[in-house]
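Summary of structural features
These are the residues of each chain, in order.
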Amino acid sequence: MVMLERLFPERGLEVIAKLEYMNPGGSMKDRPARFIIEHGIQDGMITSNTHLIESTSGNLGVAVAMVARVYGIKFTCVIDPKTTKTNVKILEQLGANVEMVQDLDDQGGYLKTRIQKVKELANKIPNSFWLNQYANQLNWQSHYYGASSEIAEELSGPIDCLVAAVSTSGSIMGCARRLRKKHPNLKVVAVDAVGSVIFGAKPASRELPGIGSSRIPEILNRDEIDEVVYVSDRESVQGCRDLLFYEGILAGGSSGSVVAAMQKLLPTLPDSYRIVTLLPDRGDRYIDSVYDDDWVSKLRD
Ligand SMILES: Cc1ncc(COP(=O)(O)O)c(C=O)c1O
């Protein structure tokens with residue numbers, strides 16, 4: 001955990017970031033990948049004959065491929081054309097089968113097409129097991145027993161607010177539930193991408209992976225979220241660049257989203273306030289996007 005005191009030097013404000021990108025696969029998705037697979041192994045649902053299937057455009061795929069490698073389990077990862085070349089290579093090097101869908105869904109994204117592909121594969125492949133991150137309760141539980149327990153145990157004193165980027169909502173649900181056990185008055189702020197439909201906004205095209213969704217996740221309980229802050233791709237990019245400039249932290253796109261969201265919240269905050277946030281992944285895999293001026297210049301306003 002690091003205090004972002006250069007980026008947020010305001011008196012009375014403390015912003016504490018848990019660097020979830022320090023996980024071995026490079027992102028916070030190592031948590032659900034390991035938790036779901038090890039649970040499956042413990043209760044006999046997953047054996048060495050199992051063939052794991054998941055739809056993911058990046059981090060969860062890498063994390064599942066890594067855990068599947070360790071346990072010697074087959075894995076097919078359903079991806080789309082937005083998956084970066086680097087991620088495809090990492091998946092392949094880790095031994096995953098990669099299935100690329102091509103068709104856009106009715107929301108202008110690929111999620112629904114990917115899910116359709118997963119269902120097709122699940123019917124075709126013997127002993128298949130779909131991790132189903134959007135509906136699997138073990139997703140949020142992995143963050144409940146993982147990052148947020150570590151935060152709750154290591155941080156003494158109050159926590160006023162949790163700010164987290166959402167996609168499946170597993171991390172915000174798990175962290176909110178765990179932190180509220182210790183800090184019942186915790187305010188929970190979800191950071192969503194402009195163009196994501198999670199909280200009922202109109203769908204639109206989005207370029208950054210990791211944050212936002214073109215469907216509402218089954219594991220989301222809207223009542224546990226106090227506020228939603230929307231950030232555009234451009235604002236997320238600027239947040240990433242600020243994080244790098246002021247803190248020397250090279251993080252992924254959604255880390256920039258939470259930074260941008262906190263910058264938006266600044267004028268509304270009380271004089272003394274302590275925020276906890278998660279930086280979900282590293283920036284290395286975004287060198288050709290978020291950290292590439294040409295790529296950024298082509299983003300829509
Ligand atoms: C980089 C990044 N940020 C944020 C998220 C959102 O996390 P969650 O799916 O737990 O809502 C993800 C999920 O894939 C991610 O990969």
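In this text the structure is predicted, and so the values were computed from the model without any measurement. (Residues numbered from 1 in each chain as written. Predicted model: local features only at pLDDT ≥ 70, side-chain atom pairs only at ≥ 80, totals over all residues. Heavy atoms only, no water.)

A closer look at the overall build of the protein
When its secondary structure is counted, the protein shows 10 helices and 10 strands. Relative to a compact globule of 301 residues, whose C-alpha radius of gyration would be 19 Å, the protein shows 18 Å and is just as compact. Along the three orthogonal principal directions, the C-alpha set of the protein runs to about 60 × 45 × 35 Å. Taking all 301 residues of the protein together, 56% fall into the buried category. (Helix = DSSP H or I, 4+ residues; strand = E, 2+ residues; numbered from the N terminus. Rg over C-alpha atoms; globule rule 2.2 N^0.38 Å. Buried < 20%, exposed > 50% of the residue type's maximum accessible area, 1.4 Å probe, protein only.)

Let's talk about the side chain of Lys18
Tracing the backbone shows Lys18 in strand 2 (residues 13-19). A polar contact of 2.9 Å, which involves the side chain of Lys18, links it to the side chain of Glu150. Among all residues touching Lys18, those that are not within four sequence positions of it are Met1, Arg31, Ala147, Glu150, Ile151, Thr277, Leu278 and Leu279. (Polar contact = N/O pair within 3.5 Å; in protein donor to acceptor, adjacent residues only side chain to side chain. Contact = heavy atoms within 4.5 Å.)

Description of empty space enclosed by the protein
Tallied over the full model, the rule gives one cavity of 30 Å³ or more. In this structure, the largest cavity spans a volume of roughly 30 Å³. Contributing to the lining of the largest cavity are Glu54, Ser55, Ile115, Trp130, Asn132, Gln133 and Tyr134. For the lining of the largest cavity, a count of residues per class yields three nonpolar, three polar and one charged. (1 Å grid on protein atoms, 1.4 Å probe; cavity = no way out; pocket = protein on both sides within 12 Å on 5 of 7 lines; lining within 4 Å. Points joined across faces, edges and corners; volume = space filled by probe spheres on them. Nonpolar A, V, L, I, M, F, W, Y, C, P; charged D, E, K, R; others polar.)

What about the sheet that holds strand 9 (residues 227-231)?
On the basis of which strands lie adjacent, the open sheet formed by six strands has the order 1-2-10-7-8-9 and mixed pairing. Of all the strands in the sheet, the pair left with one neighbour each is strand 1 (2-3) and strand 9. By the bridge criterion, two bridges tie strand 1 to strand 2 in an arrangement that is antiparallel. Across the sheet, residue Val2 finds its bridge partner in strand 2, namely Ala17. Its contacts with the sheet put helix 8 (residues 233-247) on strand 1, strand 9 and strand 10 (273-279), and the angle it makes with strand 9 is roughly 90 degrees. (Pairing = 2+ DSSP bridges. Axes fitted to C-alpha atoms, helices over the stretch in contact; angles between N-to-C directions.)

A closer look at the sheet that holds strand 6 (residues 128-130)
Read across the sheet, four strands follow the order 5-4-3-6 without closing on themselves; strand pairing throughout is parallel. Of all the strands in the sheet, just strand 5 (97-100) and strand 6 have a single pairing partner and so form its edges. Ignoring strand direction, the axes of neighbouring strands in this sheet form an average angle of 25 degrees. As defined by bridge partners, strand 4 (residues 74-79) adjoins strand 5 across four bridges and the pair is classed as parallel. Bridging from a neighbouring strand, Thr76 pairs with Asn97 of strand 5.

Notes on unusual backbone geometry
The phi angle at Asn127 is positive, at roughly 55 degrees, despite the residue not being glycine. A positive phi angle, close to 80 degrees, is found at Ser169, a residue other than glycine. Along the polypeptide, Ser169 turns up in the loop between strand 7 (161-165) and helix 7 (170-182). A residue is classified by how much of its surface remains accessible, and Ser169, at 1% relative accessible area, is buried.

Things to note about the pairing of strand 3 (residues 51-55)
A regular strand carries its side chains on alternate faces of the sheet. Where burial is concerned, most of strand 3 is hidden: five out of the five residues are buried. Of the two faces of strand 3, both are covered, the one formed by His51, Ile53 and Ser55 as well as the one formed by Leu52 and Glu54. Two strands pair when backbone bridges link them, and strand 3 and strand 4 are joined in this way by five bridges, in the parallel orientation. The residue of strand 4 that forms the bridge with Leu52 is Phe75. The β-α-β motif built from strand 3, the intervening helix 2 (residues 59-71) and the parallel element strand 4 has right-handed crossover chirality. (Right-handed = clockwise from strand over helix to strand, strands pointing away.)

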